[in-house]
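Notes for the structure review
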Amino acid sequence: MKHFKKLFYIKFVFLTFFFSMICISCNDEDTTVSCIPNVSVSAQYNLNLPAYSDLNMPNGYVELAPDGTNGSRGMIIVNTGNGFNAYDRNAPHLCPSSDTTLEVYEDLKIVCPHDGAEWLLRTGQPLNDATQGRTPRKFLAHLNGSVLTINY
């Protein structure tokens with residue numbers, strides 16, 4: 001009987017560890033699913049140019065298509081009034097497909113066209129259960145004069 005309990009305990013520990021590793025491996029530290037490409041971002045934007053003039057106002061934003069410097073699907077940049085947030089346009093809760101590129105909707109939220117998942121534009125906070133509690137991948141944004149530098 002003692003041997004049976006010891007064997008049961010070893011199996012329990014092994015299975016708990018195994019299932020924990022499976023769950024952990026599905027997520028990255030940045031809260032996105034692991035199948036989203038982890039590309040480097042290194043871009044600079046002159047806010048004096050007309051294409052980026054909306055970023056000079058609080059709550060102003062731009063949606064950028066990919067250009068080789070700003071991720072695999074481009075990015076969304078928003079002026080929060082206290083700084084800037086830059087988000088990857090890959091939906092953080094789904095593996096990339098033709099309809100999972102995030103878009104800004106009603107100037108207030110980021111929406112996934114695939115399933116209607118929504119996040120607050122200014123903060124990236126999830127707004128509904130479709131997000132699965134995941135937030136968009138965020139890039140570092142730093143303003144120096146009129147040049148906004150974004151890195152990841």
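Higher on the page you've got the structure.
Here's a quick rundown of the structure. (Residues numbered from 1 in each chain as written. Predicted model: local features only at pLDDT ≥ 70, side-chain atom pairs only at ≥ 80, totals over all residues. Heavy atoms only, no water.)

Taken together, the 6 strands give an open sheet; going across it, the order is E1-E9-E8-E4-E3-E2, and neighbouring strands pair in antiparallel fashion. Whereas interior strands pair on both sides, the edge strands pair on one side only; in this sheet they are strand E1 (42–46) and strand E2 (61–64). With direction set aside, neighbouring strand axes in the sheet form an average angle of 20°. Where strand E8 (residues 138–144) and strand E9 (residues 147–151) come together, 5 bridges link them in antiparallel fashion. Opposite leucine 143, over in E9, you have leucine 148 as the bridge partner. (Pairing = 2+ DSSP bridges. Helix = DSSP H or I, 4+ residues; strand = E, 2+ residues; numbered from the N terminus. Axes fitted to C-alpha atoms, helices over the stretch in contact; angles between N-to-C directions.)

One pass over the structure, following the stated rule, counts 1 disulfide. Paired through a disulfide, cysteine 35 and cysteine 95 show a sulfur-sulfur distance of 1.8 Å. Negative torsions about the S-S bond denote left-handed disulfides, and the value of about -105° found for cysteine 35 with cysteine 95 makes this one left-handed. In this pair, cysteine 35 sits in the loop between helix H1 (2–25) and E1 while cysteine 95 sits in the loop between strand E4 (84–88) and strand E5 (103–105), placing the two residues 60 residues apart along the sequence. Here cysteine 35 falls in the partly exposed class, since its relative accessible area comes to 33%. According to the relative accessible area criterion, cysteine 95 is partly exposed, its value standing at 46%. (Disulfide = S-S within 2.5 Å. Buried < 20%, exposed > 50% of the residue type's maximum accessible area, 1.4 Å probe, protein only.)

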